[in-house]
Amino acid sequence: AANGLLYVSDWADRAVLAGILAAGAMGCRVGSITLLVALAVAELGTRSADGGDQAANVARGLRESALWIFGALALILFASLVSYDRADPAFSSTGQPGPVTNLIGPFGAWLSDLFFVLFGLPAYLFPIMLGIAGYHLFQERGSREPVDRRSASFRGLGFFLALASSCGLATLHFSGDGFPNTAGGVVGSLLGEGLANSMSFLGATLLLFAVWLGSVS
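Residues numbered from 1 in each chain as written. Predicted model: local features only at pLDDT ≥ 70, side-chain atom pairs only at ≥ 80, totals over all residues. Heavy atoms only, no water.

(A) Molecular detail of the overall build of the protein chain. Across its full length, the protein chain carries seven helices and zero strands. In the protein chain, the order of α-helices and β-strands from amino to carboxyl end is α-α-α-α-α-α-α. Expressed as a percentage of the 217 residues in the protein chain, the buried residues total 31%. Contacts spanning at least 24 positions in sequence make up 58% of the contacts within the protein chain whose residues lie at least 6 apart. (Helix = DSSP H or I, 4+ residues; strand = E, 2+ residues; numbered from the N terminus. Buried < 20%, exposed > 50% of the residue type's maximum accessible area, 1.4 Å probe, protein only. Contact = heavy atoms within 4.5 Å.)

This is the structure in structure tokens:
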């Protein structure tokens, strides 16, 4: 009968089976104590397994929710950027009399103006980044492993390097018409024009393009 332990896959079931065998082999009193201990061990194992499954379900639900949350934020930001109007009262200007034309309302006008002041045309990278981040979290919804902080940190660093180099390139190569600042915003002015003054236009372009390629890869 003891060989039956080999055919019980769950370790908690093995503990109960071992207690039953001990109860028959060692007598009523000692065997009963052994059986009670085995039942307690089995109960702890069951609770531990249930707790692990519950934590995994919570993590799965959060990762599925991330797709909708990040997706909604990306759409809100994209709609505010694409409907930007310099006549709307916003962060950098009081605007002109009349209704706000931004699709997200006064908040969208203020938000889009702030992003264009700081980053210029590369501000459109932010809704793209939010959408990609939500999709990656959704793709990992079946994983029981926590989010790798080191990998997430490297991805965040790569995004900000791509953003900064894009701002510099936009300032050097695109017109700022229609934007509250240059085509690369304040970041592009500081980075692009600063490198161009110290290295020349060609040197700044090559360096920023190399950084952009490295950050994207």
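So, next bit.
(B) Seen up close, the confidence of the model for the protein chain. Mean pLDDT over the protein chain: 78, with 67% of residues reaching 70 or higher. Within the protein chain, the element-level pLDDT minimum falls on helix α1 (residues 11-26), averaging 50, and the maximum on helix α3 (residues 105-119), averaging 94. (pLDDT = per-residue confidence, 0-100.)

(C) Just the side chain of asparagine 102, in detail. Among the secondary structure elements, asparagine 102 is positioned in the loop between α2 (28-82) and α3. At a separation of 3.4 Å, a polar atom in the side chain of asparagine 102 contacts the side chain of serine 83. (Polar contact = N/O pair within 3.5 Å; in protein donor to acceptor, adjacent residues only side chain to side chain.)

(D) Layout of helix α5 (residues 149-173). The end-to-end C-alpha separation of α5 is 36 Å, in line with the 36 Å expected for 25 residues at 1.5 Å each. For α5, the complete set of buried residues consists of Gly158, Phe159, Ala162, Leu163, Ser165, Ser166, Cys167, Gly168, Leu169, Ala170, Thr171 and Leu172. In this fold, the buried residues of α5 make contact with α3, α4 (125-139), α6 (185-199) and α7 (201-216). (Expected span 1.5 Å × (residues − 1).)

(E) Region of interest: the environment of proline 89. Tracing the chain through its elements places proline 89 in the loop between α2 and α3. According to the relative accessible area criterion, proline 89 is partly exposed, its value standing at 36%. Distance in space between the C-alpha atoms of proline 89 and aspartate 113 is 9.1 Å, their sequence separation being 24 residues. Among all residues touching proline 89, those that are not within four sequence positions of it are Thr94, Gly95, Val100 and Ala109.

(F) Broad picture of unusual backbone geometry. Positive phi is not limited to glycine here, since serine 200 has a value of about 95 degrees. With respect to the helices and strands, the residue serine 200 is situated in the loop between α6 and α7.

(G) Representation of the side chain of serine 80 in the model. Within the element layout of this structure, serine 80 appears in helix α2. We classify serine 80 as buried; its relative accessible area is 0%. Within the structure, the side chain of serine 80 is placed 2.7 Å from the backbone oxygen of leucine 77, a separation counted as a polar contact.

(H) Spatial organisation of the packing of aromatic side chains. On inspection of all chains with the given rule, the structure shows eleven aromatic pairs. Between phenylalanine 115 and phenylalanine 119 the ring centres are 6.1 Å apart and the planes differ by 50 degrees, which places this aromatic pair in the tilted class. Taken as a pair, phenylalanine 115 and phenylalanine 119 lie in helix α3 at a separation of four residues, close to a single helical turn. Note on phenylalanine 115: relative accessible area 17%, which makes it buried. Given a relative accessible area of 16%, phenylalanine 119 falls into the buried group. Grouped by ring-pair contacts, the aromatic residues Phe78, Tyr84, Phe116, Tyr124 and Phe179 constitute a single cluster. (Phe/Tyr/Trp six-rings, centres within 6.5 Å; stacked < 30°, edge-to-face > 60°.)

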